[in-house]
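What the coordinates show
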Amino acid sequence: MVSEMKIYVIQIIAAGVGTLGFGLLFNLRTKHLVTAVLGGIFTWAVYLLFAGQIEGIFYPTLIASAFAALYSELMARKFKAPVPLYLLPSVIPLIPGGSLYYAMSYSVEKNWQLSGEYGLATLQYALAIAVGMSVVWAAADMIKRGVRK
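Because the structure is predicted, anything quoted here is derived from the model rather than measured. (Residues numbered from 1 in each chain as written. Predicted model: local features only at pLDDT ≥ 70, side-chain atom pairs only at ≥ 80, totals over all residues. Heavy atoms only, no water.)

1. Here's the deal with the packing of aromatic side chains
Selection criterion: Ring pairs shown here join Phe, Tyr and Trp side chains whose ring centres sit within 6.5 Å, with only the six-membered ring taken for Trp; geometry is labelled stacked below 30 degrees between planes, edge-to-face above 60, and tilted in between. Buried, partly exposed and exposed residues are distinguished by accessible area as a fraction of the type maximum, computed with a 1.4 Å probe on protein chains only: under 20%, between the cut-offs, and over 50%, respectively.
In this structure the tally under the stated criterion is 10 aromatic pairs. Ring geometry for Phe 58 against Tyr 59: centres 5.3 Å apart, planes inclined by 85°, an arrangement best described as edge-to-face. Accessibility expressed as a relative area gives 51% for Tyr 59, which makes it exposed.

So, in structure tokens, the structure goes:
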């Protein structure tokens, strides 16, 4: 149990460092950088929480990406900044780099079965990220339109 907790802590720290790297790469201002890094950390923590409870890739990723979109919407309103300043760094930990790499690697090796398995996992991650964000954006748009009327 203790070693499992250490793994989670290391993953959350790595998510923060990765998010920080992308924030610096995109020249995010210091006043937005901390909030964006926290978004990446919280998003990955949400993913880990639900990945332990829900089997599969799709639903934990969908929930985590919806959280990232909601967090970004709230922070953008609080700091009067565009949503992508917080959304792009917050979703970075969810990007399926490993499965995409292995899908391509196995394709080059002509191992079609493993390439297909990793390709399907990559597709599930990407689709879940898109659906999760879209649901929150649609809800936010409906709320904005309802408030204006």
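2. Considering the packing of helix 2 (residues 30-51) against helix 4 (residues 84-91)
What counts here: The axes used here are C-alpha line fits, helices contributing only the stretch in contact, and every angle between their N-to-C directions lies in the interval 0 to 180 degrees. Helix and strand assignments follow DSSP, with helices taken as H or I runs no shorter than four residues and strands as E runs no shorter than two, numbered in order from the N terminus. Angles are sorted into four bins: roughly parallel if under 35 degrees, roughly antiparallel if over 145, roughly perpendicular if 65 to 115, and oblique for all others. Note on convention: the crossing is left-handed when the near helix lies turned anticlockwise from the far helix by less than a right angle, right-handed when the turn is clockwise. Contact between two residues is taken to exist if any of their heavy atoms lie within 4.5 Å; hydrogens are not considered. Lys, Arg, Asp and Glu make up the charged group, whereas Ala, Val, Leu, Ile, Met, Phe, Trp, Tyr, Cys and Pro make up the nonpolar group; the residues left over, Gly among them, are polar.
The N-to-C vectors of helix 2 and helix 4 enclose an angle of 40°; their axes lie 7 Å apart at closest approach. For the element pair helix 2 / helix 4, the angle class is oblique. Helix-helix and strand crossings are classified by hand; for helix 2 and helix 4 the assignment is right-handed. Contact residues: helix 2 offers His 32, Thr 35, Ala 36, Gly 39, Gly 40 and Thr 43, while helix 4 offers Leu 85, Tyr 86, Pro 89 and Ser 90. The residue inventory of the contact of helix 2 with helix 4, partitioned by class, reads 4 nonpolar, 6 polar and no charged.

3. Things to note about the side chain of Thr 61
Topologically, Thr 61 is positioned in helix 3 (residues 58-79). With sequence-adjacent residues up to four places away left out, Thr 61 is seen in contact with Tyr 47, Leu 94, Tyr 125, Ala 128 and Ile 129.

4. Topic: the nonpolar core
As a reminder of what qualifies: Here, nonpolar core means buried Ala, Val, Leu, Ile, Met, Phe, Trp, Tyr and Cys residues that are tied together by side-chain atoms lying within 4.5 Å of each other.
Counting 28 residues, the largest nonpolar core has Trp 44, Tyr 47, Tyr 86, Leu 87, Val 91, Leu 94 and Met 133 as its most contacted members. Of all elements in the fold, only helix 2, helix 3, helix 4 and helix 6 (112-148) reach the threshold of two or more residues within this core.

5. Here's the deal with the environment of Ala 76
Tracing the chain through its elements places Ala 76 in helix 3. Separated by 10 residues in sequence, Ala 76 and Tyr 86 have C-alpha atoms that sit 7.2 Å apart. When sequence neighbours within four positions are dropped, the list of residues in contact with Ala 76 reads Ala 81, Pro 82, Val 83 and Tyr 86.

6. Here we look at the side chain of Glu 73
Stated formally: Residues adjacent in sequence count toward polar contacts only when both atoms are side-chain atoms; beyond that, a polar contact is any pair of N or O atoms within 3.5 Å, and within protein one must be able to donate a hydrogen and the other to accept it.
Note on placement: Glu 73 falls in helix 3. Residue classification places Glu 73 among the buried residues on the basis of a relative accessible area of 8%. At a separation of 3.0 Å, a polar atom in the side chain of Glu 73 contacts the side chain of Arg 77. Not counting residues within four places of it along the chain, the set of residues in contact with Glu 73 comprises Val 83, Val 136, Trp 137, Ala 140 and Lys 144.

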